[in-house]
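Here is how the chains run, residue by residue.
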Amino acid sequence: MWGSRRSRGNDSVECIACGLSLSRSDAREYDKEGDRWERKGKEFEHLCKECHDDLCHQPRNELEGLLVDIEAGRLDEREFLDRYARAVEERYGPLDYER
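Residues numbered from 1 in each chain as written. Predicted model: local features only at pLDDT ≥ 70, side-chain atom pairs only at ≥ 80, totals over all residues. Heavy atoms only, no water.

Draft legend 1. Examining the environment of Arg-91 more closely. Along the chain, Arg-91 falls in helix H3 (residues 77-92). Assessed through its relative accessible area of 39%, Arg-91 is described here as partly exposed. The spatial distance from the C-alpha of Arg-91 to the C-alpha of Leu-66 is 9.4 Å, given a sequence separation of 25 residues. Filtering out sequence-adjacent residues up to four positions away, Arg-91 remains in contact with Glu-62, Gly-65, Leu-66 and Asp-69. (Helix = DSSP H or I, 4+ residues; strand = E, 2+ residues; numbered from the N terminus. Buried < 20%, exposed > 50% of the residue type's maximum accessible area, 1.4 Å probe, protein only. Contact = heavy atoms within 4.5 Å.)

Next up, the structure:
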């Protein structure tokens with residue numbers, strides 16, 4: 001029915017966070033949509049164990065769309081933070097933090 005899971009680990013993959021090349025069996029799958037259990041039609045990116053452990057594992061519904069909307073990949077750090085905070089406040093209300 002399905003292919004053997006053993007054959008999946010023989011490929012080499014690259015950690016999207018640090019660039020380390022490692023075997024697929026030693027990597028952790030990363031799904032930018034936050035649902036790695038829904039596998040149909042997806043290609044997963046990979047993280048090494050150390051970078052995976054450093055991730056925040058909280059739900060991130062709508063995060064990818066928000067980052068695309070503010071063009072996050074084209075901004076310097078200051079502009080990204082400004083746009084991100086503005087977009088979050090517009091969508092979800094005031095941020096609760098002290099300056």
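Draft legend 2. Spatial organisation of the confidence of the model for the protein. Summary statistics for the protein give a mean pLDDT of 83 and a share of 82% for residues scoring 70 or more. Mean pLDDT values for the elements of the protein range from 87 in strand S3 (residues 28-30) up to 96 in strand S2 (residues 21-23). (pLDDT = per-residue confidence, 0-100.)

Draft legend 3. Broad picture of H3. When the terminal C-alpha atoms of H3 are compared, their 22 Å separation across 16 residues agrees well with the 22 Å that a helix rising 1.5 Å per residue should span. Capping of H3 at its N-terminal end is provided by Asp-76; its side-chain oxygen lies 3.2 Å from the backbone amide nitrogen of Arg-78. Downstream of H3 by one or two residues, Gly-93 has phi in the positive range, about 100°. (Expected span 1.5 Å × (residues − 1). Polar contact = N/O pair within 3.5 Å; in protein donor to acceptor, adjacent residues only side chain to side chain.)

Draft legend 4. Representation of the packing of aromatic side chains in the model. For the coordinates displayed, the defined rule picks out 1 aromatic pair. Between Phe-80 and Tyr-84 the ring centres are 5.7 Å apart and the planes differ by 25°, which places this aromatic pair in the stacked class. Separated by 4 residues within a single helix, Phe-80 and Tyr-84 lie in helix H3, roughly one turn from each other. Its relative accessible area of 30% is what places Tyr-84 among the partly exposed residues. (Phe/Tyr/Trp six-rings, centres within 6.5 Å; stacked < 30°, edge-to-face > 60°.)

Draft legend 5. Representation of the state of the cysteines. Applying the stated criterion across every chain, the model contains 0 disulfides. With no disulfide of its own, Cys-15 has Cys-18 as its nearest cysteine by sulfur position, at a separation of 3.7 Å. Residue class for Cys-18 comes out partly exposed when judged on its relative accessible area of 48%. (Disulfide = S-S within 2.5 Å.)

Draft legend 6. How the structure looks around the layout of surface pockets. There is about 180 Å³ of room inside the second largest pocket. When residues of the lining of the second largest pocket are assigned to their parent elements, the largest contribution, 3 residues, is made by helix H2 (residues 63-69). Along the lines of polarity and charge, the residues of the lining of the second largest pocket split into 6 nonpolar, 1 polar and 3 charged. (1 Å grid on protein atoms, 1.4 Å probe; cavity = no way out; pocket = protein on both sides within 12 Å on 5 of 7 lines; lining within 4 Å. Points joined across faces, edges and corners; volume = space filled by probe spheres on them. Nonpolar A, V, L, I, M, F, W, Y, C, P; charged D, E, K, R; others polar.)

Draft legend 7. Examining the pattern of salt bridges more closely. All told, the structure shown has 5 salt bridges when counted by the stated rule. Note that Arg-83 is salt-bridged to Glu-79, the shortest N-O span being 2.9 Å. Placement of both Arg-83 and Glu-79 in helix H3 is noted, with a separation of 4 residues, approximately one turn of the helix. For Glu-79, a relative accessible area of 29% corresponds to the partly exposed category. One continuous salt-bridge network, built from bridges that share partners, spans Glu-71, Glu-79 and Arg-83. (Salt bridge = Lys/Arg side-chain N within 4 Å of Asp/Glu carboxyl O.)

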